[in-house]
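# A closer look at the structure
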Amino acid sequence: AGHGSGPVGSGTEDGGPPAPERVLFPPTFSVSEIKNKQRRHFMFLRWKQQQRKEKLAAKKKRKKEREALGDKAPPKAIPKTIENQRVYDETTVDPNDEEVAFDEATDEFAPYFNRQTVPKILITTSDRPRGRTVRFCEQLSTIIPNSHVYYRRGLALKRIIPQCIARDFTDLIVINEDRKIPNGLVLSHLPDGPTAHFRMSSVRLRKEIKRKGKEPTEHVPEVILNNFTTRLGHSVGRMFASLFPHDPQFIGRQVATFHNQRDYIFFRFHRYIFKSEKKVGIQELGPRFTLKLRSLQKGTFDSKFGEYEWIHKRREMDTSRRKFHL
């Protein structure tokens, strides 16, 4: 046994040690079949490295071909993302639609958009808030002009709302908390609703943001609403817009952004930094947070007898990763 002239046992011509042989797996072989955990991990890393090399080589080849073709090069392929592959929603709003224009002229936010009302916001909390929620409310009030913070103790929301309406408040924001962490936001437009309930996550206060700017000034910020495309999204976007006065004071260079991506609404508050006539930078001022719409209710807040326009039902609605409601 062992007299075969295969490559494994063959040494070099001068009788030295055998040359190291490169192991080639059969095409049907899977790394997961390797029983030894360390060996399996090592082979997996090698396989990943090989994949990266091949991808990079293909990219360089494509780039050279494009440069060689010059102006005749075909247009770059648009990468597939969950957003641009989204399932079509029949409620997507066309800006030129007459029905949409009529709805906007007669909905609950029409007095604000017709400049008949000036936003006046009451920010309150769940019963007996703790430190982090208190600081978050204070920072929120510095972002939204003409907003007032009220810490309630044992007073039901149903009793607060008539008092708000009597004192000409146009909106009520309630920050809920769980284990001292802000985790929910209720936004109610007064006097006739609607009321939106959001789950809140990823709250970062000013001191927790790296490279933040100085405290915001009292200038009215510019408001940017991104990707609110469906009828539901349109209503939510109008709710956010009606929190801020109409004419932003651009001299303050402050901008509040509500960016909807895959039904998560990311809030950021920035200041523009003009470096030169052509170069503009942005500096985050904070706070930042993320919202996910739970429900939209007709009228003001009513947990028992409220009529809901839309409720997020996970098992029925989240059947496809490419289906979005806002």
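Residues numbered from 1 in each chain as written. Predicted model: local features only at pLDDT ≥ 70, side-chain atom pairs only at ≥ 80, totals over all residues. Heavy atoms only, no water.

### Thoughts on the overall build of the protein
What counts here: Each helix corresponds to a stretch of at least 4 residues labelled H or I by DSSP, and each strand to a stretch of at least 2 residues labelled E; elements are numbered beginning at the N terminus. Whether a residue is buried, partly exposed or exposed follows from its accessible area with a 1.4 Å probe, protein chains only, as a fraction of its type maximum: under 20%, in between, or over 50%, in that order. Two residues form a contact once any of their heavy atoms are found within 4.5 Å. We get accessible surface area from the Shrake-Rupley algorithm with a probe of 1.4 Å; when it comes to residues, only the shown protein chains can shield them. Charge assignment in this entry is limited to Lys and Arg as positive and Asp and Glu as negative, and neither His nor the chain termini are counted. Note on charges: their place is set at NZ of Lys, CZ of Arg, CG of Asp or CD of Glu.
When you go through the protein residue by residue, the secondary structure sums to seven helices and eleven strands. The principal-axis extents of the C-alpha atoms in the protein amount to approximately 100 × 55 × 45 Å. Counting every position in the protein, which comprises 326 residues, the buried fraction comes to 34%. Taking the contacts inside the protein whose residues are at least 6 apart along the sequence as the reference set, 64% of them involve residues at least 24 apart. In the form shown here, the protein has an accessible surface area of approximately 22200 Å², with 52% of it arising from carbon and sulfur atoms. On the protein, the mean spot of the 62 positive side-chain charges and the mean spot of the 39 negative ones are 10 Å from each other.

### Details of the pattern of salt bridges
Here is the rule: Just to be clear on terms, a salt bridge is a Lys or Arg side-chain nitrogen sitting within 4 Å of an Asp or Glu carboxyl oxygen.
Evaluation of the coordinates by the stated rule reveals nine salt bridges. One salt bridge connects Arg206 with Glu215, and the closest N-O pair in it is separated by 3.7 Å. Salt-bridge contacts for Glu284 lead to Arg288; the nearest nitrogen and oxygen are separated by 2.7 Å. For Arg288, a relative accessible area of 26% gives the class partly exposed. Each of Glu104, Asp107 and Arg238 takes part in a single network of salt bridges with overlapping partners.

### Describing the domain arrangement of the protein
Quick reminder of the rule: As used throughout, domain bounds are those supplied by an automatic or database domain assignment.
Domains assigned within the protein are domain 1 (31–67) and domain 2 (93–318). Computed over C-alpha atoms only, the centres of domain 1 and domain 2 are separated by 46 Å.

### As for the nonpolar core
Our working definition: Side-chain atoms within 4.5 Å are what join buried Ala, Val, Leu, Ile, Met, Phe, Trp, Tyr and Cys residues into a set we call a nonpolar core.
Among the nonpolar cores identified, the biggest contains 37 residues, and Ile173, Phe198, Phe240 and Ile265 are the most heavily contacted of them. Discounting chain neighbours no more than four positions away, the residues touching Phe240 are Leu187, Phe198, Leu225, Phe228, Phe258, Ile265 and Leu291.

### A short note on the pairing of strand E8 (residues 264–274)
Where we set the bar: For two strands to count as paired, DSSP must find a minimum of two bridges between them.
Bridge analysis of strand E7 (residues 254–261) against E8 gives eight bridges, and the strand direction is antiparallel. Following the sheet pairing, Val255 is matched in E8 by His270. Here E7 folds back onto E8 in antiparallel fashion, the turn holding two residues, of which Arg262 has a positive phi close to 55 degrees. In terms of strand pairing, E8 meets strand E10 (residues 288–297) through four bridges, oriented antiparallel.

### Considering helix H4 (residues 131–143)
Stated precisely, the cut-off is as follows: One fewer than the residue count of a helix, multiplied by 1.5 Å, yields its expected span.
The end-to-end C-alpha separation of H4 is 19 Å, in line with the 18 Å expected for 13 residues at 1.5 Å each. Along H4, the positions that sit buried rather than exposed are Arg132, Thr133, Phe136, Cys137, Gln139, Leu140 and Ile143.

### Things to note about unusual backbone geometry
Residue Leu190 is joined to Pro191 through a cis peptide bond whose omega torsion reads 5 degrees. Along the chain, Pro191 falls in the loop between strand E4 (181–189) and strand E5 (195–204). Although it is not a glycine, Arg128 sits at a positive phi angle of roughly 50 degrees. For Arg128, a relative accessible area of 52% corresponds to the exposed category. One non-glycine residue with positive phi stands out, namely Asp168, at about 65 degrees. Mapped onto the elements, Asp168 comes out in the loop between helix H5 (157–166) and strand E3 (171–178).

### Things to note about the environment of Lys55
Looking at the element boundaries, Lys55 is found in helix H1 (residues 37–69). Classification of Lys55 as exposed rests on a relative accessible area of 67%. For the pair Lys55 and Lys298, spaced 243 residues apart in sequence, the C-alpha separation works out to 53 Å.

### With respect to a positive patch on the surface
Our working definition: Residues form patches when they are more than 30% accessible in relative terms and have no salt bridge. Like charges link within 9 Å. Nonpolar side chains (Val, Leu, Ile, Met, Phe, Trp, Tyr) link within 5 Å.
Residues Lys48, Arg52, Lys55, Lys59, Arg62, Lys63, Arg66 and Lys76 make up a contiguous surface patch of positive charge. Tracing the backbone shows Lys48 in helix H1. Overall, the relative accessible area of 36% leaves Lys48 in the partly exposed class.

### Regarding a nonpolar patch on the surface
A surface patch of nonpolar side chains, about 300 Å² in accessible area, is lined by Phe44, Leu45 and Trp47. Relative to the helices and strands, Leu45 resides in helix H1.

### Examining the packing of aromatic side chains
For clarity, the threshold we go by: We call Phe, Tyr and Trp rings a pair once their centres come within 6.5 Å, taking the six-membered ring for Trp, and we label the pair stacked below 30 degrees between planes, edge-to-face above 60, and tilted otherwise. Only Lys NZ and Arg CZ are tested; either one counts as a charge over a ring when it is within 6 Å of the ring centre and within 35 degrees of the ring normal.
All told, the structure shown has ten aromatic pairs when counted by the stated rule. For the pair Phe198 and Phe240, a centre-to-centre distance of 5.6 Å together with 25 degrees between the ring planes defines the contact as stacked. Separated by 42 residues along the polypeptide, Phe198 in strand E5 and Phe240 in helix H6 (residues 231–241) bring together distant segments of the chain. As far as the burial class goes, Phe198 and Phe240 line up, both buried. What links up through ring pairs into an aromatic cluster is the set Phe136, Phe198, Phe228, Phe240, Phe244, Phe258, Phe267 and Phe289. Against the face of Phe169 rests Lys120, its NZ or CZ located 4.6 Å from the ring centre. Seen from the ring of Tyr264, Lys292 lies directly overhead, with NZ or CZ sitting 5.1 Å from the centre.

### Remarks on the side chain of Thr125
Inspection of the secondary structure puts Thr125 in strand E1 (residues 121–125). The class for Thr125 is buried, based on a relative accessible area of 0%. With near-sequence residues (within four places) excluded, Thr125 lies in contact with Thr133, Cys137, Tyr150, Tyr151, Arg152, Val174 and Ile175.

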